[in-house]
Amino acid sequence: MSTPPIDRRTLARIPGDQQANYLRTGVRETGRFLFDDKLIDLFVAIANRPRFLTLLTVTTVTGSGLAYAGLEDVHWSEGIWWAVVTGFTVGYGDFYPTSSTGRLLGSFLIVMMFALALCLGAQITSRLIEDHDEFTHEEQEEIKVLLRRVIDLQEQNAALIERLAGPGTTTARDTPDPRT
């Protein structure tokens, strides 16, 4: 489904209850245009593995810092310092790349750390928030058992109604639902 460009006039012509769906479709189509589904799946897989995400973040900062130290001919500790300050977009300005390759490395680091820091922050936040209404595993299993019993009882009830009604009799189950 293709959507026309989103502007205020276009959005104003769409009924209020459909605007969010229109915007969602536009964002989804834009995402598919910019990124392949496999790339999005990879990003989601990385974002949902906190240990790997942490390792990737540390590796990105360390690798970029060591590369900066080699490119700019500074001590490795200054390279790591630059990578941390640049990667988390603090940017003190005490160290900065002077070569084109160093600037390209800095750009790469900023883009990578933007995505990694967002995902890492979300992982940390999700661990800190406690949902007191969340079902335990045992409660979920009990609900599944009870739901199976309800479904079995509904099927038994329907069979009993058919048997009591006799052959050729229309039951409530056979009549069309007026809401559809």
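In what follows, the structure referred to is the one given above.
Just so we're clear, the structure is a prediction, and the values are computed from it rather than from any experiment.

Draft legend 1. Molecular detail of the overall build of the chain. Of regular secondary structure, the chain possesses seven helices and zero strands. Beginning at the N terminus, the succession of helices and strands in the chain can be written as α-α-α-α-α-α-α. Every one of the 180 residues in the chain was classed for burial, and the buried ones make up 19%. Here the chain displays about 14,300 Å² of accessible surface, and carbon together with sulfur accounts for 61% of that area.

Draft legend 2. Structural view of a nonpolar patch on the surface. Residues W81, V84, F88, V90 and Y92 make up a contiguous nonpolar surface patch of roughly 490 Å² in combined accessible area. Examined against the element boundaries, Y92 turns out to sit in the loop between α5 (76-87) and α6 (100-128).

Draft legend 3. View of the packing of helix α4 (residues 50-72) against α6. For the pair α4 and α6, interaxial distance at closest approach is 10 Å and the crossing angle is 160°. What the angle tells us is that α4 and α6 run roughly antiparallel. Of the two elements, α4 crosses α6, and the hand of that crossing is left-handed. Counting all contacts with α4, which are made through P50, L53, T54, L56, T57, T60, V61, S64, A67, Y68, L71 and E72, the residues of α6 involved are T101, G102, L105, F108, L109, M112, M113, L116, C119, L120, Q123 and R127. The residue inventory of the contact of α4 with α6, partitioned by class, reads 15 nonpolar, seven polar and two charged.

Draft legend 4. Main features of the packing of α4 against α5. The geometry of α4 relative to α5 is characterised by a closest axis approach of 7 Å and an angle of 125° between their N-to-C directions. With respect to each other, α4 and α5 are oriented oblique. Viewed along their axes, α4 and α5 form a crossing whose handedness is right-handed. For the pair α4 and α5, contact is made by V61, T62, S64, G65, L66, Y68 and A69 and by W76, G79, I80, W82, A83 and V84, respectively. Along the lines of polarity and charge, the residues of the contact of α4 with α5 split into nine nonpolar, four polar and no charged.

Draft legend 5. Structural detail: the side chain of T86. Assignment of secondary structure puts T86 in helix α5. The class for T86 is buried, based on a relative accessible area of 13%. Not counting residues within four places of it along the chain, the set of residues in contact with T86 comprises G106, L109 and I110.

Draft legend 6. Structural context of α4. Between its terminal C-alpha atoms α4 stretches 32 Å, which fits the 33 Å expected from 23 residues at 1.5 Å a residue. For α4, the complete set of buried residues consists of L53, T57, T60, V61, S64, G65, Y68, A69 and E72. Two residues or fewer after α4 comes D73, characterised by a positive phi angle close to 55°.

Draft legend 7. A look at the nonpolar core. Judged by nonpolar contacts, A47, L53, V61, Y68, W82, A83, L105, L109, M113, L116, C119 and L120 together constitute the single largest core of twelve residues. Secondary-structure elements contributing two or more residues to this core are α4, α5 and α6. Element by element, the count of residues in this core is highest for α6, at six residues. Setting aside anything within four residues of it in sequence, one finds C119 in contact with F43, A47 and L53.

The rules behind the values
- Residue positions within a chain follow its written sequence, with the count starting from 1.
- A pLDDT threshold of at least 70 governs which residues receive local features in this predicted model, and a stricter bar of 80 or more applies before side-chain atom pairs are shown or counted, although totals over entire chains, interfaces and linings include all residues.
- The basis for every side-chain value is the complete set of non-hydrogen atoms in the structure, without hydrogens or water.
- The helix and strand labels rest on DSSP assignments: H or I over at least four residues marks a helix, E over at least two residues marks a strand, and numbering proceeds from the N terminus.
- Only protein chains enter the accessibility calculation, which uses a 1.4 Å probe. A residue is then buried if its area is under 20% of the maximum for its type, exposed if over 50%, and partly exposed in between.
- Note on areas: Shrake-Rupley, 1.4 Å probe, and residue coverage restricted to the protein chains presented here.
- By definition, no residue in a patch forms a salt bridge, and every one has over 30% relative accessible area; like charges are joined within 9 Å, nonpolar side chains (Val, Leu, Ile, Met, Phe, Trp, Tyr) within 5 Å.
- Any Lys or Arg side-chain nitrogen found within 4 Å of a carboxyl oxygen on Asp or Glu counts as a salt bridge.
- To get an axis, fit a line to the C-alpha atoms, keeping to the stretch in contact for a helix; angles then go from 0 to 180 degrees between the N-to-C directions.
- Convention used here: angles under 35 degrees read as roughly parallel, angles over 145 as roughly antiparallel, angles from 65 to 115 as roughly perpendicular, and any remaining angle as oblique.
- In this scheme, a crossing is called left-handed if the near helix is turned counterclockwise away from the far one by less than a right angle; it is called right-handed if the turn is clockwise.
- Residue contacts follow a heavy-atom distance rule, with two residues in contact if any of their heavy atoms lie within 4.5 Å.
- Three classes are used: nonpolar for Ala, Val, Leu, Ile, Met, Phe, Trp, Tyr, Cys and Pro, charged for Asp, Glu, Lys and Arg, and polar for all others, with Gly counted as polar.
- The span one expects for a helix is its residue count, reduced by one, times 1.5 Å.
- Residues belong to one nonpolar core when they are buried, are Ala, Val, Leu, Ile, Met, Phe, Trp, Tyr or Cys, and are joined through side-chain atoms within 4.5 Å.

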